[in-house]
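These are the residues of each chain, in order.
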Amino acid sequence: MNEDKMIETIERASPSVVNINTVRLVHDYYMNVVPLRGMGSGVIIDPGGLILTNNHIVEQSESIEVTLFDSRKFPGKLIGTDRLTDIAVVKVEGDNLPAATLGESDGVKVGQMAIAIGNPFGFFLQGPTVTVGVISALKRTIQAEQGVFENLIQTDAHINPGNSGGPLINARGEVIGINSANIPFAQGIGFSIPISSAKRIVDELIKYGKVIRPWLGILGVGVNPQIAQYYKLPSDKGILVTRVFENSPAFNAGIEPGDMIVEADHKDITDMNELTKELREKKVGDTMSVRVQRGPQVGDIDMKLAEGPS
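This report concerns the structure included in the present document. (Residues numbered from 1 in each chain as written. Predicted model: local features only at pLDDT ≥ 70, side-chain atom pairs only at ≥ 80, totals over all residues. Heavy atoms only, no water.)

Concerning the overall build of the protein
Here is step 1: Assigned secondary structure in the protein consists of six helices and 21 strands.
Here is step 2: When the backbone C-alpha atoms are referred to their principal axes, the protein occupies close to 70 × 50 × 35 Å.
Here is step 3: Out of the 310 residues belonging to the protein, those deemed buried represent 45%.
Here is step 4: In the protein, 59% of the contacts between residues at least 6 apart in sequence involve partners at least 24 apart.
Here is step 5: A distance of 1 Å separates the average location of the 29 positive side-chain charges in the protein from that of its 37 negative side-chain charges. (Helix = DSSP H or I, 4+ residues; strand = E, 2+ residues; numbered from the N terminus. Buried < 20%, exposed > 50% of the residue type's maximum accessible area, 1.4 Å probe, protein only. Contact = heavy atoms within 4.5 Å. Lys, Arg positive; Asp, Glu negative; His and termini not counted. Charge placed at Lys NZ, Arg CZ, Asp CG, Glu CD.)

Some details on unusual backbone geometry
Glycine aside, the phi torsion of most residues is negative, and most peptide linkages are trans.
Here is step 1: In the Ramachandran plot, S71 falls in the positive-phi region, its phi being about 80 degrees despite a non-glycine side chain.
Here is step 2: When you line up the elements, S71 lands in the loop between strand 4 (63-67) and strand 5 (73-75).
Here is step 3: The backbone phi angle of D265 is positive, close to 50 degrees, even though this residue is not glycine.
Here is step 4: Structurally, the position occupied by D265 is in the loop between strand 17 (260-264) and strand 18 (267-268).

With respect to the packing of aromatic side chains
Here is step 1: Evaluated as defined, the whole model comprises two aromatic pairs.
Here is step 2: Relative to F245, the ring of W215 lies with its centre 5.6 Å away and its plane at 40 degrees, an arrangement referred to as tilted. Taken as a pair, W215 in strand 14 (residues 214-215) and F245 in the loop between strand 16 (239-244) and helix 5 (249-252) lie far apart in primary sequence, 30 residues in all.
Here is step 3: Judged by its relative accessible area of 22%, W215 falls in the partly exposed class.
Here is step 4: For the ring pair Y230 and Y231, a centre distance of 4.9 Å and an interplane angle of 80 degrees mean the geometry is edge-to-face.
Here is step 5: Residue class for Y230 comes out exposed when judged on its relative accessible area of 64%.
Here is step 6: With relative accessibility at 55%, the residue Y231 sits in the exposed group. (Phe/Tyr/Trp six-rings, centres within 6.5 Å; stacked < 30°, edge-to-face > 60°.)

Points about the pattern of salt bridges
Here is step 1: With the rule as written, the count across this model stands at 15 salt bridges.
Here is step 2: Residue E104 pairs with K199 through a salt bridge whose shortest N-O separation is 3.0 Å. Of this pair, E104 sits in the loop between strand 7 (87-91) and strand 8 (113-118) while K199 sits in helix 3 (residues 195-208); the two residues are 95 residues apart in sequence, bridging distant segments of the chain.
Here is step 3: On the accessibility criterion, K199 (23% relative accessible area) is partly exposed. (Salt bridge = Lys/Arg side-chain N within 4 Å of Asp/Glu carboxyl O.)

Observations regarding the nonpolar core
Here is step 1: Among the nonpolar cores identified, the biggest contains 26 residues, and L52, I87 and I178 are the most heavily contacted of them.
Here is step 2: Listing elements by their share of this core, those giving two or more residues are helix 1 (3-13), strand 3 (50-53), strand 7, strand 8, strand 10 (147-155), strand 12 (175-179), strand 13 (190-194) and helix 3.
Here is step 3: Sorting elements by how many residues they give to this core places helix 3 first, with five residues.
Here is step 4: Membership of the second largest hydrophobic core comes to 17 residues, among which are L216, A250, L275 and L305. (Core = buried A, V, L, I, M, F, W, Y, C linked by side-chain atoms within 4.5 Å.)

Let's talk about the environment of N273
Here is step 1: In this structure, N273 sits in helix 6 (residues 272-280).
Here is step 2: Through-space distance from the C-alpha of N273 to that of D95 is 43 Å; in sequence the pair is 178 residues apart.

Details of the pairing of strand 20 (residues 297-304)
Here is step 1: Relative to strand 20, strand 19 (residues 287-294) runs antiparallel, the two sharing eight bridges. Counterpart to V292 in the pairing with strand 20 is G299.
Here is step 2: From the end of strand 19 to the start of strand 20, which pair antiparallel, there are two residues, and G295 there has a positive phi angle of about 60 degrees. (Pairing = 2+ DSSP bridges.)

Observations concerning helix 6
Here is step 1: Those residues of helix 6 that fall on the buried side of the exposure criterion are L275, E278 and L279. Each buried residue of helix 6 sits inside an arc of 100 degrees when the element is viewed along its axis, so together they form one side.
Here is step 2: Where helix 6 is buried, its residues contact strand 14, strand 15 (218-222), strand 16, strand 17, strand 18 and strand 19.
Here is step 3: A side-chain oxygen of the first residue of helix 6 lies 3.2 Å from the backbone nitrogen of N273; this N-cap is D271. (Arc of directions from axis to C-beta. Polar contact = N/O pair within 3.5 Å; in protein donor to acceptor, adjacent residues only side chain to side chain.)

Given below as structure tokens:
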């Protein structure tokens, strides 16, 4: 991609990138309520004023102010957030706003160009900041403070707290990811939430104000041969159920603490992360088959998945 073409792509995509300033009320050491200001980036995804950003930028905010590329300022209304994917949707009242072109992240390949656009350190009046790199890896799973983030795009285009929430675009100017500096890992490595995944989250946030996820209603720990031998468990692989929540699908199916789940939908399960991954492929109302071992007895149980608690 030559220099002129890159400049043209960036100039075409930049007007859809916004600055987001927030105020949260927190308690100081003496329990006084003080305002805490935050900032980040976002991208307009609809001419009517829908803005896609990161959850960690706007969660628990008392007020949100959105500044457009042309310096216009709007109060923002939080439509919904999802902490598990670090996605949020903010709405401003505007017409014919410069919406970004959303691409598809499913066809992204390692080595292709990646351009991150955002507003680092609040220097938005001088224009957004751009970093350029390539797609370094796909389907990364990262353990962060908020939990496990899956299926991430890894890029060497630098992502800092200021351009967190802004778009990662391809050479055609299409958004292929939403950058998140809330998933730090190592210097020179950035992570972006695939736009195909983000769009599914956005649809639910707009429709319901939250993401509806199924659950089984259990807590458990992964078992290995050492744990199985020490506790004299009936199997050296699977999940040892430690708690079952009342009125959950597992509770209604008769699963009890001390049971072991060794398979889910005919796949071996070794820990809760693997079980959670299988659940993420399901919807509320779907059926999941689990193989349960209780002492010497082994049986298959079909459970209809219910909506998990918020």
